[in-house]
Amino acid sequence: MELEALRELLREELQGAGLGEAVPLGRRWQGGTLVLRPADPALQAKEIPIDSFFRKVVSLRDRLRVIEQKVNAQAELGDVVKLEVQQAITRAYGSLTSFNVLFADSGDHFVGSGGAQG
């Protein structure tokens, strides 16, 4: 019971911050499978439902946004430190742009230093 109450509280907090909302997976990927195949054919491949993988990608994006908001809200941090952390977060978004193909809505995409984060 306590764990479910904590999950609900976290859901409410994320949604209150504009995060954790249902982000749709692109239609062509729904029900699909991500296959990780090792170079060695003697080793077994790993199959992961794309829906599960996508939820993890969205969760990572949401956590980066929470970190970004918390850093920006810290009055004790100087502007230089905030800028450095913001740049690191932007580079992290840029590293994740390969996963944008999974999103149904381009407004949900990761955006690196080449564009504005939405």
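Keep in mind the model is a prediction, meaning the values are calculated, not measured.

The rules we used
Residues numbered from 1 in each chain as written. Predicted model: local features only at pLDDT ≥ 70, side-chain atom pairs only at ≥ 80, totals over all residues. Heavy atoms only, no water. Helix = DSSP H or I, 4+ residues; strand = E, 2+ residues; numbered from the N terminus. Buried < 20%, exposed > 50% of the residue type's maximum accessible area, 1.4 Å probe, protein only. Contact = heavy atoms within 4.5 Å. pLDDT = per-residue confidence, 0-100. Core = buried A, V, L, I, M, F, W, Y, C linked by side-chain atoms within 4.5 Å.

(A) Up close: the overall build of the protein chain. From N to C terminus, the protein chain includes three helices and two strands. In sequence order, the protein chain lays out its α and β elements as α-β-β-α-α. When the 118 residues of the protein chain are sorted by exposure, 21% land in the buried category. The long-range share in the protein chain, meaning contacts at least 24 apart out of those at least 6 apart in sequence, stands at 48%.

(B) Structural detail: the confidence of the model for the protein chain. Summary statistics for the protein chain give a mean pLDDT of 84 and a share of 78% for residues scoring 70 or more. No element of the protein chain has a lower mean pLDDT than helix H1 (residues 2-16), at 62, and none a higher one than strand E2 (residues 46-49), at 97.

(C) The nonpolar core, seen in detail. Phe-54, Phe-103 and Phe-110 are the most contacted members of the largest nonpolar core, which totals 13 residues. The element contributing the most residues to this core is helix H2 (residues 50-73), with five residues.

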